[in-house]
Amino acid sequence: MDILALLRLISKNLKWLILFPLVVTVVVIFLTKELPRNYESKTLVYTGIASGYDITSGDNNKVDYFAVNTAFDNLITTINARETTEEVALQLLSQHLQLDSAKVNVLGREGMRILKESLNKDLREQLTVKGDVDQTYKNLQKYLNGSVKNEIQQLLSSSNPIYSIKAVNGGMSVKRVKNSDMLELKFVSIDPGVAQHTLFFLANAFIDRFKQLKGSETSNVVGYFENRLKRAFDELQLSEEKLKEFGIDNRIINYQEQTKYIAASKEDLESELYNKRMSLEAAKAAIERIESKLSDRLDIVKENSEINKKRQELTNVNMLITNAEVYKESQDIQDSLMRESFKLQADLRDYAEKIYNRKYSLEGVKSDQLLEQWLNKIIEYEEIAASLVVFQERKKEFNELYDEFAPLGSMLGKLEREVGIQEKQYLEVLHGLNTARLREQNLRMSNSLTVLDEPFFPIEPQASKRAVMVIGGFAGSLILLLVIIFAKEFLDNSIKTPSNAEKLSNLKLIGALPLYKKKERKLFEAEQIEHSLLEQIISTIHLETQLVDPHKEYHQINLFSLRSGEGKTYLSSTLTKKLNAVNGKVLFLTPNLNEEFANIRELAQVDAYEYEVSSRFVKSKHWSVLIESYNLPDEKLNEYSIILIEFPSINANPIPATLVQGADLSICVTSANRVWNKADTHLIQLYLNSAFNKTMIFLNKVEPDLLEGLLGEVPKKRNATRRFLKKIVTLNFNRS
């Protein structure tokens with residue numbers, strides 16, 4: 001659809017496009033004549049979300065814009081929350097219940113009237129505590145929560161212009177001031193005092209709720225970490241106590257050092273034991289060698305009881321000395337034992353010398369020297385033997401100590417690991433607690449919501465929106481009507497134009513005729529239009545029939561329609577009249593000769609006959625069979641140059657195949673104001689299956705403006721303005 005077509009569509013519906021918006025405008029004016037006046041108050045709240053200082057702030061602290069936007073969204077959501085709105089409404093109501101009469105800066109006369117209508121007098125007196133707004137607010141809350149359905153609940157859920165949740169939410173608007181830390185709150189109400197005090201209550205309510213919300217987040221976290229820290233500390237204490245008791249029970253001070261010392265001492269003991277054994281064997285060999293040099297009197301010395309007693313005593317003392325050295329007794333004890341050992345050694349020498357008085361040995365060696373050597377080796381032997389006994393006992397103790405300490409290591413490691421794990425958990429929980437407390441303090445510092453500009457008392461009402469509503473009503477109704485008109489036009493699937501007729505039927509167009517609506521005919525040059533279109537049809541008929549056989553005595557033309565009411569009779573009568581004047585004698589055969597055509601026949605001297613559509617019609621072999629009842633002579637029949645046969649609609653009547661085959665030209669008459677469907681395609685195909693010569697389509701009842709494809713510019717009475725507009729739309733500035 002081009003611009004010209006759109007303009008024509010608008011022009012065709014112009015009266016509705018003027019009348020309907022005007023009616024809507026008048027209705028809007030009538031309905032808005034008593035619009036209430038609204039008052040607006042504002043307040044600014046500083047949030048400190050984006051640029052405020054907190055504990056974590058630093059010189060290079062970058063702003064997380066996503067987090068900032070989320071924080072502002074949370075803040076705005078808190079403001080718009082139902083509980084916040086409900087609290088504001090109750091605060092407002094509790095304030096107004098303190099009034100006995102209207103007060104300009106709190107509640108005007110209209111607002112006082114609304115208050116009295118909202119709650120009955122008994123309930124107002126029951127809930128109000130004069131001079132105590134807070135107690136009145138508590139009474140309202142208690143009454144509201146006392147039952148599922150009560151007067152306060154109904155008031156909040158109603159459409160009350162002051163106290164309903166809908167009124168508070170509807171009058172409130174919140175937005176962030178550009179990219180700053182400021183929030184701008186506006187409230188619009190029918191009462192200026194209500195507008196101001198609602199913002200007071202709203203600012204206080206959402207600031208308290210937001211701080212409480214953020215504080216509860218951190219307090220819950222801090223409480224969790226405190227409980228977890230106490231449990232972790234108790235578990236750590238228990239593990240450390242178990243480790244301490246294990247060390248006490250097993251006499252462990254430092255397991256690593258103790259095991260290291262035991263291992264080193266055992267190695268020293270093994271080495272010393274080995275040396276002592278070697279020394280013992282050496283002393284034993286020396287004793288045997290010396291004894292072999294002494295005389296038999298040595299046996300007397302060896303068997304002497306006193307000497308044996310002294311030897312045993314010396315052995316015992318030497319064992320005590322070795323024990324004192326091994327176990328690192330005090331030096332006084334060791335010195336005392338050494339003195340006793342020296343005394344026993346001296347006594348042993350004296351006894352041996354008294355008993356053994358020979359001067360020389362068998363080899364001639366002085367006996368006193370050998371005896372001295374023997375006694376020294378005996379003493380040495382006894383000392384070493386005593387040491388070996390002590391070292392053997394000490395070795396046994398070391399083996400027992402090894403058996404005891406070996407399993408203690410794994411148990412001690414397990415207990416130490418447990419203490420380490422508990423200590424690590426304790427430190428992690430302690431770190432979490434410190435972080436949570438830091439976060440809590442940080443939120444306390446950063447949640448510095450402060451009212452920067454207090455709500456003001458609006459003196460002047462807002463500008464009336466009546467003009468906007470009237471203009472909106474006019475424009476909206478105009479646009480709605482245009483949408484309906486355009487939608488109707490685009491959704492209209494009727495044939496409409498000659499080009500659509502050709503496309504849908506797959507037939508060449510022979511012509512078209514217009515259909516004028518009431519009062520529309522005088523706008524067009526109707527006679528000129530019809531004359532031009534009929535001349536085109538006559539010319540096409542002449543050309544098509546000449547192409548069949550220019551020397552043929554007569555040409556048969558069939559007119560048919562797919563449905564009834566397509567306009568065949570009107571076209572037939574018009575064509576008959578024209579053809580009769582141009583091509584000579586025309587014979588018109590029709591199944592329905594109406595009165596209008598009978599008058600034309602008399603005036604134009606046209607031969608027209610009505611034939612009967614009977615059961616024989618479908619088997620008719622020649623057109624003359626249709627009028628054989630008139631008994632026309634052959635001379636009469638031979639004088640016609642055009643035989644124009646109008647068929648009844650083929651959707652309800654049979655197709656006479658022979659008559660169709662005998663036609664030189666067939667014309668399908670179709671109405672432009674109907675929809676072409678599959679049945680039409682089927683019927684036209686049935687006809688074409690019988691036709692030997694050309695079949696063309698004629699479009700009837702076309703809107704005159706849609707005939708430009710056949711006429712060029714449609715002859716029409718246009719004023720200078722319309723001619724100028726058409727030049728602009730068609731970009732044709734050379735037209736006269």
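Residues numbered from 1 in each chain as written. Predicted model: local features only at pLDDT ≥ 70, side-chain atom pairs only at ≥ 80, totals over all residues. Heavy atoms only, no water.

Participant: Explain helix H16 (residues 466-491) to me, and be specific about the residues and the numbers.
Facilitator: In this model, H16 (26 residues) spans 36 Å end to end at C-alpha, consistent with the 38 Å of a helix rising 1.5 Å per residue. Along H16, the positions that sit buried rather than exposed are Val470, Gly473, Ser477, Leu481 and Ile485. (Helix = DSSP H or I, 4+ residues; strand = E, 2+ residues; numbered from the N terminus. Expected span 1.5 Å × (residues − 1). Buried < 20%, exposed > 50% of the residue type's maximum accessible area, 1.4 Å probe, protein only.)

Participant: Just give me the short version of the nonpolar core, but keep the residues and values in it.
Facilitator: Judged by nonpolar contacts, the single largest core of 62 residues is most densely connected at Leu575, Leu589, Trp623, Phe647 and Ile667. The element contributing the most residues to this core is helix H18 (residues 526-548), with seven residues. Setting aside residues no more than four positions away along its own chain, leucine 589 makes contact with Tyr609, Tyr611, Trp623, Leu626, Ile627, Leu644, Ile645 and Glu646. By size, the runner-up hydrophobic cluster in this structure holds 46 residues, among which are Leu92, Ile152, Leu156 and Leu199. (Core = buried A, V, L, I, M, F, W, Y, C linked by side-chain atoms within 4.5 Å. Contact = heavy atoms within 4.5 Å.)

Participant: Which residues make up the packing of aromatic side chains, and what values do they have?
Facilitator: What describes a pair of aromatic rings is the distance from one ring centre to the other and the angle between the planes of the rings. Within the structure shown, the criterion is met by seven aromatic pairs. Note on tyrosine 224 and phenylalanine 225: the rings are 5.3 Å apart at their centroids and 70 degrees apart in plane angle, and the pair reads as edge-to-face. Ring centres of phenylalanine 560 and tyrosine 687 lie 3.8 Å apart, and the angle between their planes is 20 degrees; on these two criteria the pair is classed as stacked. Note that phenylalanine 560 is positioned in strand S6 (residues 555-561) and tyrosine 687 in helix H23 (residues 678-690), a separation of 127 residues in sequence. (Phe/Tyr/Trp six-rings, centres within 6.5 Å; stacked < 30°, edge-to-face > 60°.)

Participant: Summarise the sheet that holds S6; cite the residues concerned and give the values.
Facilitator: Reading across the sheet, the seven strands line up as S5-S11-S10-S6-S9-S7-S8 and stay open at both edges, with parallel pairing between neighbours. The open sheet has two edge strands with one neighbour each: strand S5 (508-514) and strand S8 (607-610). Between one strand axis and the next, the sheet turns through 20 degrees on average, direction left out of account. Across five bridges, S5 lies against strand S11 (residues 695-702) in parallel orientation. Bridge pairing in S11 places leucine 509 opposite isoleucine 697. Here helix H19 (residues 568-582) sits on the sheet and contacts S5, S6, strand S7 (586-590), strand S9 (642-646), strand S10 (665-671) and S11; the angle it forms with S9, its principal contact strand, is near 175 degrees. (Pairing = 2+ DSSP bridges. Axes fitted to C-alpha atoms, helices over the stretch in contact; angles between N-to-C directions.)

Participant: Tell me about a nonpolar patch on the surface, and name the residues and values.
Facilitator: Taken together, the side chains of Trp16, Leu19, Val23, Val27, Phe30 and Leu31 make up a nonpolar region of the molecular surface, amounting to roughly 630 Å² of accessible area. With respect to the helices and strands, the residue leucine 31 is situated in helix H2 (residues 14-31). (Patch = residues over 30% accessible without salt bridge, like charges linked within 9 Å, V, L, I, M, F, W, Y side chains within 5 Å. Areas by Shrake-Rupley, 256 points an atom, 1.4 Å probe, with all protein chains shown as cover. Salt bridge = Lys/Arg side-chain N within 4 Å of Asp/Glu carboxyl O.)

Participant: For unusual backbone geometry, give the residues involved together with the corresponding values.
Facilitator: Leaving glycine out, the prevailing phi sign among residues is negative, and the prevailing peptide bond configuration is trans. Notably, lysine 496 is not glycine yet its phi reads approximately 65 degrees, a positive angle. For lysine 496, a relative accessible area of 17% gives the class buried. One non-glycine residue with positive phi stands out, namely asparagine 506, at about 60 degrees. Tracing the sequence through the fold places asparagine 506 in the loop between helix H17 (498-505) and S5.

Participant: Give me the lowdown on the packing of helix H3 (residues 65-80) against helix H4 (residues 82-96), citing residues and values where you can.
Facilitator: Two elements in contact, H3 and H4, have axes separated by 5 Å at closest approach and are oriented at 45 degrees. Considering the angle they form, H3 stands oblique to H4. Residue-level inspection shows Thr78, Ile79 and Asn80 of H3 in contact with H4, the latter providing Arg82, Thr84 and Thr85. Taken together, the residues that form the contact of H3 with H4 break down as one nonpolar, four polar and one charged. (Parallel < 35°, antiparallel > 145°, perpendicular 65-115°, else oblique. Nonpolar A, V, L, I, M, F, W, Y, C, P; charged D, E, K, R; others polar.)

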